[in-house]
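Here is what each chain is made of, one letter per residue.
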Amino acid sequence: MAEKPLAADGLSPQQLLDLYRKMVIIRRADQEALNLQRQGELGLWGQFLGQEATQVGATVAMESTDWIVPSYREFGMAMCRGIDPGEMLGYFRGLTHGPWDPRRYRFLPFTISVATQVPHAVGFAMGCRLEGSREVVLCVFGDGATSEGDWHEAMNFAGVFQAPVVFLCQNNQWAISVPLRRQTAGSIAERAQGYGFAGVRIDGNDVLAVFSAVRSAADRARRGEGPSLIEAVTYRMGAHTSADDPTRYRLDSDLAPWSSRDPIETYAAWLRSQALLDEGQADSIDAEAEGMAEAMRGKLRRLPLPSPAASLFDRVYHDPPASFLKEREEFEATLEPVE
Amino acid sequence: MPVLNIREALNQALREEMIRDEKVFLLGEDIGLYDGSFKVTRGLYKEFGERRVLDTPIAEEIIVGTAIGAAMAGLRPVAEMMTVNFILVAIDQVVNAAAHIHYMFGGGVKVPLVIRAPGGGGHQLGAQHSHSHENWFAHVPGLKVVAPGTPADAKGMLKAAIRDDNPVMFIENEGTYGVKGDVPEGEHLVPLDRNEIKREGDDLTICAYSRMLVVAMDAARDLEADGISAEVVDMRALRPLDMGPALESVRKTGRVITVEEGWRSFGVGAEIASRIYEEAFDDLDAPVARLGSAEVPTPYNKRLEKITFPGKADVVVTARALLGRN
Ligand SMILES: Cc1ncc(C[n+]2csc(CCOP(=O)(O)OP(=O)(O)O)c2C)c(N)n1
């Protein structure tokens with residue numbers, strides 16, 4: 001029998017199997033969402049195909065009281081936090097801007113403006129520490145985001161203030177049409193040294209490697225030893241979003257080496273070699289994923305249409321000033337009744 | 001005259017200027033191999049190569065910052081912002097640097113820079129991709145700001161902007177790239193400081209620019225069928241703001257509507273209205289009516305997005321109200 005990798009230490013057979021289960025389920029959700037977009041049910045969809053190991057390994061490595069500050073591609077992470085995928089799709093359908101309670105799930109809203117969440121994560125972590133909590137923040141971004149000034153400034157702050165943050169770069173090697181080598185001439189992970197903390201480059205398609213790197217970075221942050229940067233090398237197997245056509249800038253042959261490193265298949269093979277996964281279990285996980293997809297689709301179709309004035313005006317201010325309420329009334333008066 | 005859409009007209013302007021002047025180069029996110037997010041730079045990477053069409057890392061502040069540096073060094077950079085919303089990351093470079101360097105260096109250097117950016121919404125891209133910020137830039141001395149709404153103006157103003165020795169904010173609109181019209185071939189320059197009456201009429205004046213020019217022209221056609229003769233003034237030159245044609249029109253009609261895609265508060269319509277009050281108060285028969293987006297972040301929902309922006313029906317209803325016809 002193959003030797004159990006170090007990274008598996010501390011995880012029970014049940015937990016090891018659950019990593020597989022989660023990856024299968026989020027991949028099925030991703031596929032279903034893409035289908036729904038193609039059927040015109042969603043405005044836009046950004047696939048995370050190929051990035052399941054990073055998303056699952058990192059989320060599971062954090063404690064449930066820790067916070068996650070995502071970009072826009074972390075739907076799988078949100079699912080791992082227990083957020084209902086059907087409800088979340090309401091966001092991509094344009095029904096709501098707030099499909100989950102960020103405080104309940106400790107999962108902040110998706111960030112659309114590239115890298116703007118990175119300073120927020122640092123401030124959030126500094127805030128947690130000021131409040132005396134032992135919570136740690138996991139901040140997630142793409143390789144493209146590391147080019148923004150916001151990113152550098154946030155790294156530097158985090159180092160100076162020893163903020164309890166784990167920076168996780170999902171290096172999927174593409175930022176829309178721009179490949180990694182045009183994004184940076186150096187290493188992402190090694191930059192951490194310049195900011196005064198540890199940086200590591202890991203195989204982002206190895207769920208156990210991700211788990212172990214994120215877990216130890218979170219432990220260090222919790223002990224007051226400051227931030228870390230983890231560059232998880234993976235690959236964006238799909239398009240940037242459903243509005244993109246990657247064949248314009250990428251060859252099919254670019255994908256081939258990564259298809260053979262599929263994070264789910266390689267992990268399944270290892271589990272089988274350890275006798276931790278049998279056909280019956282695999283089938284029942286597939287069936288569970290199928291059930292999830294059906295429930296997600298059903299939920300999405302049942303989500304109510306928002307009332308126009310409420311969706312436009314209700315969330316602009318926490319505490320709307322009187323003049324704003326008047327504007328809302330005036331606007332409402334101009335609306336045609338909708339069927 | 002060949003008929004082009006605005007996307008093609010802009011592309012032609014860039015290409016002609018790059019051929020004419022070796023110093024012109026382009027930089028921006030996904031503008032090369034990918035031909036730009038909205039395909040305005042189509043084919044240019046292939047034709048001019050990566051030395052003159054730079055696919056940059058995602059870093060708006062340094063895109064503008066390096067473009068300023070290159071402009072000071074004597075080149076003529078044309079920077080593309082994927083949408084105008086992302087230029088907010090670079091606002092310090094635009095306002096404190098590009099707009100003021102010529103002044104702060106006592107005229108010792110100039111900044112012949114063009115920043116192209118599509119503003120506006122209507123494409124279901126969410127609040128942070130759908131706003132109009134031309135009024136922010138039109139506020140700043142040292143910048144020129146233009147927002148054409150026809151293919152001929154798009155071409156002529158972009159060529160003029162590239163040849164201008166000042167930093168020019170060239171505001172495009174995602175919703176107008178497909179708008180078609182006649183475009184003169186070759187050397188066609190439209191001055192950056194000249195507005196224009198695009199449709200003559202006697203009963204009221206509609207001041208609009210960019211996508212709202214298209215909306216205003218449509219509304220004017222509907223109004224005509226209704227027996228109302230609307231004059232449409234294209235306010236494509238926002239800074240310096242050429243009020244000539246608008247004032248001339250107001251003196252004739254006595255009634256004005258301004259239409260902009262962005263929020264009305266502290267907006268372009270507010271500026272146009274004050275200038276009219278200052279210069280033509282006695283010619284007015286009614287207060288200036290201003291149309292703009294609902295004062296909310298642009299919603300992602302398609303239907304809601306549509307109703308937040310002014311449309312043809314809003315212009316028609318407002319025009320009728322101004323003329324006491326409702
Ligand atoms: C400030 C800003 N600039 C540009 C964009 C347009 N944009 C959206 S996603 C993207 C690529 C991001 O790539 P990366 O960070 O690698 O993440 P990935 O999409 O690969 O997950 C760009 C340029 C944006 N949303 N925000």
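Per-chain numbering applies: the sequence of each chain, read as written, is numbered from 1 onward. Chains carry letters and ligands carry numbers; both start at the beginning, A for chains and 1 for ligands, and go up in the order they are written. With pLDDT at 70 or above as the cut-off, local features in this predicted model cover only qualifying residues; side-chain atom pairs require 80 or more to be listed or tallied, and sums for whole chains, interfaces and linings still use all residues.

**Focus on the interface of chain B and chain A**
Consideration 1: Each residue is represented by a C-beta atom placed from its backbone, and any two residues with such atoms within 7 Å are regarded as in contact. Tallying the contact residues gives 22 residues for chain B and 29 residues for chain A.
Consideration 2: Going along the chain from the N terminus, every DSSP run of H or I of four or more residues is numbered as a helix, and every run of E of two or more is numbered as a strand. A total of four residues in the side of chain B that touches chain A trace back to one element, the largest contributor, which is helix α11 (residues 302–308) of chain B.
Consideration 3: Residues are grouped as follows: nonpolar covers Ala, Val, Leu, Ile, Met, Phe, Trp, Tyr, Cys and Pro; charged covers Asp, Glu, Lys and Arg; every other residue, Gly included, is treated as polar. Partitioned by chemical class, the residues of the side of chain B that touches chain A number twelve nonpolar, five polar and five charged.

**Notes on the nonpolar core**
Consideration 1: When buried Ala, Val, Leu, Ile, Met, Phe, Trp, Tyr and Cys residues are joined through C-beta atoms within 7 Å, the set is termed a nonpolar core. The exposure scheme places C-beta atoms from the backbone and then counts, for each residue, the other C-beta atoms within 10 Å of its own, assigning buried at 20 or more, exposed at 12 or fewer, and partly exposed in between. Among the nonpolar cores identified, the biggest contains 186 residues, and Cys139, Val166 and Val214 of chain A together with Ile206 and Ala216 of chain B are the most heavily contacted of them.
Consideration 2: When residues no more than four places from it in sequence are discounted, the contact partners of Val166 of chain A are Val136, Leu138, Cys139, Val214, Ala217, Ala218, Ala221, Ser228 and Ile230 of chain A.
Consideration 3: Counting residues in each nonpolar core, the second largest holds six residues, with Leu312 and Phe313 of chain A together with Ala294 and Leu304 of chain B among its members.

**Description of the environment of Leu108 of chain A**
All names here are of chain A.
Consideration 1: Within the element layout of this structure, Leu108 appears in the loop between α5 (102–105) and α6 (117–130).
Consideration 2: On the basis of neighbour count, Leu108 is assigned to the buried category, with 20 C-beta atoms found within 10 Å.
Consideration 3: When neighbours within four sequence positions are excluded, Leu108 is seen to be in contact with Trp67, Ile68, Val69, Pro70 and Pro102.

**Here's the deal with the site of the ligand**
Consideration 1: Taken together, 21 residues lie around the ligand, and Val114, Gly142, Gly144, Ala145 and Ala175 of chain A are the ones closest in.
Consideration 2: The rule is simple: place the C-beta atom from the backbone, and if it lies within 6 Å of a molecule or strand, the residue is near it. In this structure the ligand sits where residues from chains A and B come together.

**A word on the domain arrangement of chain B**
Residues and elements named next belong to chain B.
Consideration 1: As used throughout, domain bounds are those supplied by an automatic or database domain assignment. Each domain of chain B was delimited in the assignment, giving domain 1 (3–182) and domain 2 (196–322).
Consideration 2: Measuring from the centre of the C-alpha atoms in domain 1 to the corresponding centre in domain 2 gives 26 Å.
Consideration 3: With 26 residues of domain 1 in contact, the opposing surface of domain 2 contributes 21 residues.
Consideration 4: Contributions of two or more residues to the side of domain 1 that touches domain 2 are made by α6 (134–138), β6 (144–146), α7 (151–163) and β7 (168–173).
Consideration 5: Classifying every residue of the side of domain 1 that touches domain 2 by side-chain character gives ten nonpolar, 13 polar and three charged.

**Quick look at the pairing of strand β11 (residues 230–234) of chain B**
A regular strand places its side chains on the two faces of the sheet in alternate fashion.
All names here are of chain B.
Consideration 1: Across the five residues of β11, five count as buried, placing the element largely inside the fold.
Consideration 2: Because side chains alternate across β11, one face comprises the buried residues Ala230, Val232 and Asp234, and the other comprises Glu231 and Val233, equally buried.
Consideration 3: Pairing between two strands is assigned when DSSP locates at least 2 bridges connecting them. Pairing of strand β9 (residues 196–199) with β11, which is carried by three bridges, proceeds in the antiparallel orientation. Paired with Ile197 across the two strands is Val233, which belongs to β11.
Consideration 4: Examined bridge by bridge, strand β10 (residues 204–208) and β11 share five bridges and lie parallel to one another. In the sheet register, Thr205 faces β11, and the bridge partner there is Glu231.

**A few points about the sheet that holds strand β14 (residues 289–293) of chain B**
What holds strands together in a sheet is hydrogen bonding between their backbones, with the strands either parallel or antiparallel.
Residues and elements named next belong to chain B.
Consideration 1: Across the sheet, five strands lie side by side as β9-β11-β10-β13-β14; this open sheet has mixed pairing. Whereas interior strands pair on both sides, the edge strands pair on one side only; in this sheet they are β9 and β14. Within this sheet the neighbouring strands show an average axis-to-axis angle of 25 degrees, counted without direction.
Consideration 2: Axes, fitted as lines to C-alpha atoms, cover a helix only where it is in contact. Angles between the N-to-C directions of the axes lie from 0 to 180 degrees. Contacts between helix α8 (residues 211–225) and the sheet are confined to β9, β10, β11 and β13 (256–263), with β10 contributing the most and set at about 155 degrees to the helix.
Consideration 3: Here helix α9 (residues 244–253) sits on the sheet in contact with β9, β10, β11 and β13, set at roughly 160 degrees to β10.

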